[in-house]
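# Structural features, examined
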Amino acid sequence: MSERFERLRDNHFGPWLRRNAPNGRKEGPPTFIWAIENSGGCLHVHWLVHLPAGRIEDFKERLPLWLAKVAGAVHDAKGAIHVRKAPTPRGAVKYLIKGIDPFYAPLYGIRQSDQGEVIGNRSNFSRSLGPSMKKTLQAEGRMKPTRRIGMPRNGVLAAPAGP
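## Quick word on the nonpolar core
Residues F13, W47 and F59 are the most contacted members of the largest nonpolar core, which totals 17 residues. Taken together, the elements giving at least two residues each to this core come down to α1 (2-18), β1 (32-39), β2 (42-49) and α2 (56-71). Once you skip the residues sitting within four places of it in the chain, W47 turns out to touch F5, L8, R9, F13, F32, I33, W34, F59, L63 and L96. Ranked by size, the runner-up nonpolar core spans five residues in total, among them I100, A105, L107 and I110.

Put into structure tokens, the structure is as follows:
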């Protein structure tokens with residue numbers, strides 16, 4: 001599943017995004033996070049992706065076609081594919097990583113939930129959200145230094161309290 005989703009991102013979404021937007025402006029690099037879940041043998045992907053204004057409808061039309069190319073026929077594509085705005089991106093991230101190891105969930109303020117067995121990568125993010133890009137943006141003064149979500153300010157990690 002993760003390999004097929006990678007093909008969708010690398011062979012279809014990335015090239016589509018890099019092509020000139022309708023306004024003739026080049027878009028930045030793909031920016032997204034994703035997670036695969038396995039609910040009762042039904043594998044599915046949650047994908048939080050930045051889509052430039054004016055390209056959302058085109059994305060909605062192309063996504064089922066890209067999915068069919070990498071995964072085969074999509075049964076009930078209208079019911080299986082949901083594209084909507086994330087009202088709170090931070091909340092969406094917490095939802096995406098709810099399959100986190102139970103030990104770490106309290107450290108990030110996440111209510112852990114079993115998301116089934118997944119072969120391959122369960123989740124990941126685009127390079128544009130990675131540590132190298134953050135360091136570059138901070139060095140250029142385009143981003144304030146930030147601490148990781150839920151990490152203690154003193155840098156000391158302790159095991160969660162409880163049984």
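Here the narrative resumes.
## A short note on the sheet that holds strand β3 (residues 123-125)
The sheet built from three strands is open, its strands ordered β2-β1-β3 with antiparallel pairing. The two strands at the open ends of the sheet, each matched to only one other strand, are β2 and β3. Direction aside, neighbouring strands of the sheet carry axes that sit 15 degrees apart on average. For β1 and β3, the ladder comprises three bridges, and the chain directions are antiparallel. Within the sheet, the bridge partner assigned to W34 lies in β3 and is N124. The strands that helix α4 (residues 89-96) touches are β1 and β2; relative to β2, the one it contacts most, it runs at about 155 degrees.

## Observations concerning the packing of α1 against α2
Viewed as axis vectors pointing N to C, α1 and α2 meet at an angle of 140 degrees, and their least axial separation amounts to 9 Å. The angle between α1 and α2 places the two elements in the oblique class. Classified by chirality, the crossing of α2 by α1 is right-handed. Contact with α1, carried on its side by R4, R7, L8, H12, F13 and W16, involves D58, F59, R62, L63, W66, L67, K69, V70 and A71 of α2 and no other residues of that element. Along the lines of polarity and charge, the residues of the contact of α1 with α2 split into nine nonpolar, one polar and five charged.

Thresholds, definitions, all that
Residues numbered from 1 in each chain as written. Predicted model: local features only at pLDDT ≥ 70, side-chain atom pairs only at ≥ 80, totals over all residues. Heavy atoms only, no water. Core = buried A, V, L, I, M, F, W, Y, C linked by side-chain atoms within 4.5 Å. Buried < 20%, exposed > 50% of the residue type's maximum accessible area, 1.4 Å probe, protein only. Helix = DSSP H or I, 4+ residues; strand = E, 2+ residues; numbered from the N terminus. Contact = heavy atoms within 4.5 Å. Pairing = 2+ DSSP bridges. Axes fitted to C-alpha atoms, helices over the stretch in contact; angles between N-to-C directions. Parallel < 35°, antiparallel > 145°, perpendicular 65-115°, else oblique. Left-handed = near helix turned anticlockwise from the far one by under 90°. Nonpolar A, V, L, I, M, F, W, Y, C, P; charged D, E, K, R; others polar.

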